[in-house]
Amino acid sequence: MKKTILLIILIIPVFVFAQEPTKNQIKNAEKVTNYVAEKHSLSKKDKKIFYDATLNQIVTNAAEIKRQGITDPEAKKVVYRKGYNNIKETLSKKFGNQKAVALLKSGNEARRQ
């Protein structure tokens, strides 16, 4: 019984803190968000929505790649495509499909710089 309780106590932090973004992920999300917000003149509220969606997707993609133990670039592309579709759906609900696609296209431009 003590071993079970100890095991549960030791495992809980793994799940609670598994999705915490790294400094690098935060920096990447900020860079993309600032570029997109400037290019599309987003309000502070819209910028925050875009930032949250972008950071969430960066963290989710990294967690999924780590969970599956993916090292092959082609397999990673599948995860990134799924992530792109998820963020597109999220942003489409807020901004409409056409603007969401434009925002994501600008986000890709920011990543290349």
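Our subject is the structure listed above.
Source: prediction; values computed, not measured.

**Q** Looking at this structure, how should I read the nonpolar core?
**A** Side chains that are nonpolar tend, in soluble globular proteins, to be buried together. Counting 13 residues, the largest nonpolar core has V32, V36, L42, F50, I87, L91 and L103 as the members making the most contacts within it. Residue assignment for this core shows that the elements contributing at least two residues are α2 (23–40), α3 (44–68), α4 (73–95) and α5 (97–112). Ranked by residue count, the leading element in this core is α5, at 4 residues. Look past the residues within four positions of V32 in its chain and what remains in contact with it is F50, T54, G107, A110 and R111. Residues A29, L55, I58 and V59 belong to the second largest nonpolar core, which totals 5 residues.

**Q** Explain the packing of α2 against α5 to me, please; I cannot follow it from the model alone.
**A** Describing two packed helices takes the angle between their axes plus the distance from one axis to the other. Contact geometry for α2 and α5: axes closest at 9 Å, N-to-C directions at 125°. Classified by the angle between their axes, α2 and α5 sit oblique to one another. In terms of crossing hand, the pair formed by α2 and α5 is right-handed. Between α2 and α5, the residues in contact are K31, V32, Y35, V36, K39 and H40 and A102, L103, S106, G107, E109, A110 and R111, respectively. Class assignment for the residues of the contact of α2 with α5 results in 6 nonpolar, 3 polar and 4 charged.

**Q** Teacher, can you tell me more about the pattern of salt bridges here?
**A** Scanning the entire structure with this criterion turns up 6 salt bridges. The residue R67 makes a salt bridge to E64 at a minimum N-O spacing of 2.7 Å. With R67 and E64 both in helix α3 and 3 residues apart, this pair spans about one turn of that helix. Residue classification places R67 among the exposed residues on the basis of a relative accessible area of 60%.

**Q** Help me out: how do you make sense of α2 in this one?
**A** With 18 residues, α2 extends 26 Å between its outermost C-alpha atoms, agreeing within 8% with the 26 Å of an ideal straight helix rising 1.5 Å per residue. Turning to α2, its buried residues are Q25, A29, V32, T33, V36 and A37. Projected down its long axis, α2 shows its buried positions confined to an angular sector of 130°, all on one face. For α2, the exposed residues lying more than 90 degrees away from the buried face are K23, N24, K27 and E38. Summarising the contacts, the buried residues of α2 are in contact with α3 and α5. Positive phi shows up at S41, right after α2, with a value of about 50°.

Thresholds applied
- Residues numbered from 1 in each chain as written.
- Predicted model: local features only at pLDDT ≥ 70, side-chain atom pairs only at ≥ 80, totals over all residues.
- Heavy atoms only, no water.
- Core = buried A, V, L, I, M, F, W, Y, C linked by side-chain atoms within 4.5 Å.
- Buried < 20%, exposed > 50% of the residue type's maximum accessible area, 1.4 Å probe, protein only.
- Helix = DSSP H or I, 4+ residues; strand = E, 2+ residues; numbered from the N terminus.
- Contact = heavy atoms within 4.5 Å.
- Axes fitted to C-alpha atoms, helices over the stretch in contact; angles between N-to-C directions.
- Parallel < 35°, antiparallel > 145°, perpendicular 65-115°, else oblique.
- Left-handed = near helix turned anticlockwise from the far one by under 90°.
- Nonpolar A, V, L, I, M, F, W, Y, C, P; charged D, E, K, R; others polar.
- Salt bridge = Lys/Arg side-chain N within 4 Å of Asp/Glu carboxyl O.
- Expected span 1.5 Å × (residues − 1).
- Arc of directions from axis to C-beta.

In short, shape yes, function no, at least from these values alone.
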